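Geometric and topological summary
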Amino acid sequence: MLVRRAEILARHSSSGPVDVRIVRGVVAEIGRPGQRLDRGGGESEIDAAGGALLPGLHDHHLHLMSLAASTSSVSLGPPEIASRGEFVARLRTAAAAARGSAARGSAARGSAGGWIRGVGYHQSVAGDLDRAALDALTGDVPTRVQHRGGALWVLNSAALLQVGLLDTGAARDVAGVERTSEGTPTGRLWRLDGWLAGRIPQVPADLGAVGRAAVAMGVTGLTDATPDRRPSDAAALVAAVNSGALPQRLTLMRSAATDPDPPPPLSRVSLGPMKIMMDDTDLPPPDDLAERVRGARLAGVPVAVHCVTRVQLVVALAAFEAAGPARAVAPSVAPAVPADRIEHGAVVPPELAALIAAAGLTVVTQPNFIAERGDIYLAEVDPDDLDWLYPCRSLIAAGIKVAAGTDAPFGQPDPWRAVRAARDRLTGSGRLLGAGERVDAQAALDLFLGSPGAPARPRRIHRGMPADLCLLRLPLRDALDDPDAAHVRATIIDGDLAHLTA
């Protein structure tokens, strides 16, 4: 394949459009400005007409099965649903549709097996939910609603009955089931996705739709950061890559350092760091967390620690300090192991940034949340933390390696929106949040140009690199002035044309 007259984002800037030849999945030749490479027999070509040719974007943190299932769910949170009246109407409509579909023997949108699956809820819409609040809206239709943070499901009484938790005694035996002082289940279930999975109807998950949407945005790689991923989900993801439904390269975070390799073919599937979850209500002692870090290092596996609050980050940094340098734990493998990661880094004041830098950690953040959730942050977050929400500029200035993911479906699965958010730091209502954390658009784009093993090292086009590329309709300077997925004209993965628009 020949890409003609492309402005390339290269290791060394060029003085004009160049031709780029791709052979057997790699960039084989880059012409000089003004030089026209000869076209080989049968070689296809695309005329970039001066559009920018970039390394393909990589989303370094998202949840693919949840994203695929979200298309079969009812959206119940901001910005689509912003008031109690809208919330009530949406759920009552879903319940009526589910009852009608059950009578006809069909399935309603947002339901599976007669259940309603709501997603994206935030308490700013209609307060804290419990079973009684859902019972009043959906009654006998089993209903589960996920908080947008991902850790909480709220079930109504019909749903609790079906999963065996309506009985007080049964609920007492399941950790994560919230109960009243009398022991009655409230309907609120914390981090019980795996437990629920075998007890509720399976939700259709269209991974092909996820792959097509991502490739249309120039995304050539995805890192699934789902904690405690079910083996069946891992198998579904690998099968989707192998079948081409997910054309992207896929990295799967591990639940343990000893997770088995995915089945062949492995050319587009790899294992990433070991994900460690933390919750403020059940924080591990730093020494226990340090032992997990040391165990992963001995196995040659980096760790990725979930930190969405200041206290979680404090505990994580104490654990890394207790674990000691990676080289001291496993000197024979340390040089080849990617850096340990802080996932999210939602609150990083300067004193903690200095500790992150000293520990040599990478931060994988989500600047898109400033645009998507910023107005709620302004209303609810401690004023002392507002300037340090999902920071970027101060981390880079401190010498910290920084990359980004969208956290989809808990964030919008569009890296270009995240680029704009990192540059502008504007909330949905247009208010500026954390002005000192703004970065220029190129630095923001670079957050998505790293590889899975080096997420904070932006790739540049050079001979011999894998031909995972994103072609824009316009020069890079113009695209950075207006970051938008609509500017993506073509996406190439492993040398094959995965997406092309007129």
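For the structure itself, look to the data block above.
For the structure given in this document, a descriptive report is provided here. Quantities reported herein were computed from a predicted structural model and do not represent experimental measurements.

1. Considerations on the overall build of the protein
In terms of regular secondary structure, the protein is built from 18 helices and 23 strands. Against the compact-globule benchmark of 23 Å for 502 residues, the protein has a radius of gyration of 24 Å, which places it among compact chains. On the principal axes, the C-alpha backbone points of the protein span a range of 80 × 60 × 50 Å. Looking at the 502 residues of the protein, the share that counts as buried comes to 52%. Residue pairs in contact within the protein that sit at least 24 positions apart in sequence constitute 70% of those at least 6 positions apart. Accessible area for the protein stands at about 20900 Å²; split by element, carbon and sulfur atoms hold 52% of it.

2. Considering the nonpolar core
In this structure, Leu54, Leu64, Leu246, Trp416 and Leu445 are the most contacted members of the largest nonpolar core, which totals 75 residues. The leading source of residues in this core is helix H11 (residues 310-323), at seven residues. Val74, Ala98, Leu129 and Leu134 belong to the second largest nonpolar core, which has 20 residues in total.

3. As for helix H13 (residues 350-359)
Considered for burial, the residues of H13 that qualify are Leu352, Ala353 and Ile356. Down the axis of H13, the buried set is contained in an arc of 105 degrees. They therefore lie on one face. Phi turns positive, to about 70 degrees, at glycine 360, one or two residues after H13.

4. With respect to unusual backbone geometry
For the bond from proline 78 to proline 79, the omega torsion is 0 degrees, close enough to zero to count as cis. By the secondary structure assignment, proline 79 is in the loop between strand E7 (74-75) and helix H2 (84-104). Put simply, alanine 408 and proline 409 share a cis peptide bond, and its omega is 5 degrees. As for its placement among the helices and strands, proline 409 is situated in the loop between strand E20 (401-404) and helix H16 (415-424).

5. A look at the side chain of glutamine 312
For glutamine 312, the position within the fold is in helix H11. Given a relative accessible area of 2%, glutamine 312 falls into the buried group. Within the structure, the side chain of glutamine 312 is placed 3.4 Å from the backbone oxygen of methionine 278, a separation counted as a polar contact. Of note is the side chain of glutamine 312, whose polar atom sits 3.0 Å from the side chain of aspartate 280.

6. Considering the pattern of salt bridges
All chains considered together, the criterion is met by 24 salt bridges. Arginine 21 is the partner of glutamate 43 in a salt bridge, and the nearest nitrogen-oxygen pair spans 2.9 Å. Here arginine 21 lies in strand E2 (residues 18-23) and glutamate 43 lies in the loop between strand E3 (26-30) and strand E4 (45-47), a separation of 22 residues in the sequence. Like glutamate 43, the residue arginine 21 is buried in the burial classification. The residue glutamate 291 makes a salt bridge to arginine 294 at a minimum N-O spacing of 2.9 Å.

7. Focus: the packing of aromatic side chains
Per the counting criterion, the structure on display carries three aromatic pairs. Taking 5.4 Å as the distance between ring centres and 65 degrees as the angle between the ring planes, the aromatic pair formed by phenylalanine 369 and tyrosine 390 counts as edge-to-face. One end of the pair, phenylalanine 369, is in helix H14 (residues 368-380); the other, tyrosine 390, is in the loop between H14 and helix H15 (393-397), with 21 residues separating them in the sequence. Overall, the relative accessible area of 1% leaves phenylalanine 369 in the buried class. Cluster of aromatic residues (ring-pair linked, three or more members): Phe369, Tyr377 and Tyr390. Lying across the ring of tryptophan 195, arginine 199 places its NZ or CZ 3.9 Å from the centre. The positively charged end of arginine 373 is found above the aromatic ring belonging to phenylalanine 369, 4.0 Å away from the centroid.

8. Quick look at the environment of alanine 479
One can find alanine 479 in helix H18 (residues 476-481). For the pair alanine 479 and glycine 51, spaced 428 residues apart in sequence, the C-alpha separation works out to 9.4 Å. Those residues in contact with alanine 479 that lie beyond four places of it in its chain are Leu472, Leu474 and His487.

9. Here we look at H11
Over its 14 residues, H11 extends 20 Å from the first C-alpha to the last, a length consistent with the 20 Å expected when each residue adds 1.5 Å. Among all positions of H11, only Gln312, Leu313, Val315, Ala316, Leu317, Ala319, Phe320 and Ala323 are buried. In the segment just after H11, glycine 324 is the residue with positive phi, at about 80 degrees.

Criteria and cut-off values
Residues numbered from 1 in each chain as written. Predicted model: local features only at pLDDT ≥ 70, side-chain atom pairs only at ≥ 80, totals over all residues. Heavy atoms only, no water. Helix = DSSP H or I, 4+ residues; strand = E, 2+ residues; numbered from the N terminus. Rg over C-alpha atoms; globule rule 2.2 N^0.38 Å. Buried < 20%, exposed > 50% of the residue type's maximum accessible area, 1.4 Å probe, protein only. Contact = heavy atoms within 4.5 Å. Areas by Shrake-Rupley, 256 points an atom, 1.4 Å probe, with all protein chains shown as cover. Core = buried A, V, L, I, M, F, W, Y, C linked by side-chain atoms within 4.5 Å. Arc of directions from axis to C-beta. Polar contact = N/O pair within 3.5 Å; in protein donor to acceptor, adjacent residues only side chain to side chain. Salt bridge = Lys/Arg side-chain N within 4 Å of Asp/Glu carboxyl O. Phe/Tyr/Trp six-rings, centres within 6.5 Å; stacked < 30°, edge-to-face > 60°. Lys NZ or Arg CZ within 6 Å of the ring centre and 35° of its normal. Expected span 1.5 Å × (residues − 1).

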